[in-house]
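What follows is each chain in one-letter form.
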Amino acid sequence: AVKRQDRAKIEKIFAKIKETPPFGESPNEIEVWKYTELLRAGFDDALKSLEQIEKEQITEVRAAAALARYYLRISSPVHAKVHVERMLTRSTTDAGRWQALLLKVECIEEDQNRSEAINFLRTELASQHTEEIKSELYTKLGALYSEENNEYAVAAYEKALSFNVRNKDARFKAAYIYSRIPA
């Protein structure tokens, strides 16, 4: 329905989802999801709806994340940063915090350059105390390094795995780089 830009079908699907929410999602989370999908389908009025949810519900981070991703997708990192900062101030979980930090890295990379994004990550890693956040940030650092320096990338992925051995993304990316190194 999103690909076909069928608003009526999207609305119908989300009406049904509201009746029997998957994964125990709240009605508010479903609304954010619906407006995110409407925005992906090209319905610009969904942007205003997400902004309204973000404004009215000060504990809402999903709307801020959706808005930040939208602005990054349309190459507007300055606008994305506003919503990322809201995510950072509102996040109450490690997952919310590292997602906001990863979006901030994307903003920096797009607005400035990869080197600045790497420097931000290095600084941020020094101030993190939870293993989950460190693992995710090292994985992103590895991805940034992999464009220029495979040795640094592998080191970052291995560091990510030292904090979370179940980090599939880091494990796969490290294995991929190792597979490309001549024996």
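The written sequence of each chain sets the order in which its residues are numbered from 1. In keeping with the predicted nature of the model, local features appear solely for residues at pLDDT of at least 70, side-chain atom pairs appear and are counted solely at 80 or more, and the whole-chain, interface and lining totals rest on all residues. No hydrogens and no water enter the side-chain calculation; it runs on all heavy atoms of the structure.

Novice: Mind showing me how you'd approach the overall build of the chain here?
Specialist: Working definition: helices are DSSP H or I runs of at least four residues, strands are E runs of at least two. Numbering for both runs from the N terminus. Each helix and strand counted, the chain has 10 helices and 0 strands in total. When the helices and strands of the chain are read in sequence order from the N terminus, they spell out α-α-α-α-α-α-α-α-α-α. Seen along its three principal axes, the alpha-carbon backbone of the chain occupies a region of about 55 × 30 × 30 Å. The contact criterion used is simple: two residues touch if any of their non-hydrogen atoms lie within 4.5 Å. Once local pairs closer than 6 in sequence are excluded, the contacts in the chain between residues at least 24 apart make up 45%. Where accessible areas are quoted, they stem from the Shrake-Rupley method and a 1.4 Å probe; at the residue level, only the protein chains shown are allowed to cover. Surface summary for the chain: the accessible area is close to 10800 Å², and the carbon and sulfur share equals 51%. None of His or the chain ends enter the tally, which takes Lys and Arg as positive and Asp and Glu as negative. Where a charge lies is defined by one atom per residue type, namely NZ (Lys), CZ (Arg), CG (Asp) and CD (Glu). Distance between charge centroids for the chain: 3 Å, based on 29 positive and 29 negative side chains.

Novice: How should the nonpolar core be read in this particular structure?
Specialist: In globular proteins that are soluble, nonpolar side chains generally tend to be buried together. Counting residues in hydrophobic clusters, the biggest one holds 55 residues, and the most contacted among them are Leu-50, Leu-103, Leu-137 and Leu-141. Ranked by the residues each element gives to this core, the list is headed by helix α4 (residues 62–73), at 9 residues. Leaving out residues up to four positions away in the same chain, Leu-103 has contacts with Ala-65, Ala-68, Arg-69, Leu-72, Val-84 and Met-87. Buried residues of nine kinds, namely Ala, Val, Leu, Ile, Met, Phe, Trp, Tyr and Cys, make up a nonpolar core once their side-chain atoms join them within 4.5 Å. Residue exposure (1.4 Å probe, protein chains only): buried if accessible area is under 20% of the type maximum, exposed if over 50%, otherwise partly exposed.

Novice: Sorry if this is basic, but what is going on with the environment of Asp-94 here?
Specialist: Among the secondary structure elements, Asp-94 is positioned in helix α6 (residues 94–111). Apart from residues no more than four positions distant in its own chain, Asp-94 is found in contact with Thr-130, Glu-132 and Ile-133.

Novice: Even after reading the chapter, I still don't get the packing of aromatic side chains, so can you show me in this structure?
Specialist: Each aromatic ring pair is characterised by the separation of its centres together with the angle its planes make. When the centres of two rings from Phe, Tyr and Trp lie within 6.5 Å, Trp using its six-membered ring, the rings pair. Their planes under 30 degrees apart give stacked, over 60 give edge-to-face, and anything left gives tilted. Within this structure, the stated rule accounts for 4 aromatic pairs. Between Tyr-138 and Phe-163, the aromatic rings sit 5.9 Å apart at their centres with planes inclined by 15°, giving stacked as the arrangement. Note that Tyr-138 is positioned in helix α8 (residues 131–146) and Phe-163 in helix α9 (residues 150–163), a separation of 25 residues in sequence. Exposure remark for Tyr-138: the relative accessible area of 18% places this residue in the buried category. Summarising the aromatic geometry, the rings of Tyr-145 and Tyr-152 are spaced 5.2 Å apart at their centres and angled 70° between planes, so their arrangement reads as edge-to-face. Here the guanidinium or amino end of Arg-7 rests over the ring plane of Phe-43, the centre of that ring lying 4.9 Å away. Remark: a charge is flagged as sitting over a ring if the NZ atom of Lys or the CZ atom of Arg is within 6 Å of the ring centre and within 35 degrees of the ring normal.

Novice: Explain a positive patch on the surface to me, please; I cannot follow it from the model alone.
Specialist: On the surface, a cluster of positive charge is made up of Arg-4, Lys-9, Lys-12 and Lys-16. Counting through the fold element by element, Lys-12 comes out in helix α1 (residues 7–19). Residues enter patches when their relative accessible area tops 30% and they take part in no salt bridge; the joining distance is 9 Å for like charges and 5 Å for the nonpolar side chains Val, Leu, Ile, Met, Phe, Trp and Tyr. Only one rule defines a salt bridge in this text: a Lys or Arg side-chain nitrogen within 4 Å of an Asp or Glu carboxyl oxygen.

Novice: Would you take a moment to explain α9 for this structure?
Specialist: Helical geometry note: an α-helix holds 3.6 residues per turn, so side chains three or four residues apart project in the same direction. The end-to-end C-alpha distance of α9, which contains 14 residues, comes to 20 Å, matching closely the 20 Å that a straight helix rising 1.5 Å per residue would cover. Looking at the buried residues of α9, the elements they touch are α8 and α10 (168–180). N-capping of α9 is provided by Asn-149, with a side-chain oxygen placed 3.0 Å from the backbone N of Glu-151. In this scheme, a helix's expected span is set at 1.5 Å multiplied by one less than its residue total. Contacts described as polar in this section are N or O atom pairs within 3.5 Å, which, within protein, must combine one atom able to donate a hydrogen with one able to accept it, while residues neighboring in sequence count only if both atoms come from side chains.

Novice: Please clarify how the pattern of salt bridges should be interpreted in this entry.
Specialist: Side chains that differ in sign of charge can pair as their charged atoms come close. Taken as a whole, this structure holds 16 salt bridges when the rule is applied. Of the charged contacts, one joins Arg-62 and Glu-25 as a salt bridge, the two residues approaching to 3.1 Å between their closest N and O atoms. Within this pair, whereas Arg-62 is found in helix α4, its partner Glu-25 is found in the loop between α1 and α2 (27–40), the two being separated by 37 residues in sequence. The exposure class assigned to Glu-25 is buried, which follows from its relative accessible area of 16%. Within the structure, one salt-bridge network assembled from shared partners comprises Arg-7, Glu-11, Lys-18, Glu-31, Lys-34 and Asp-45.

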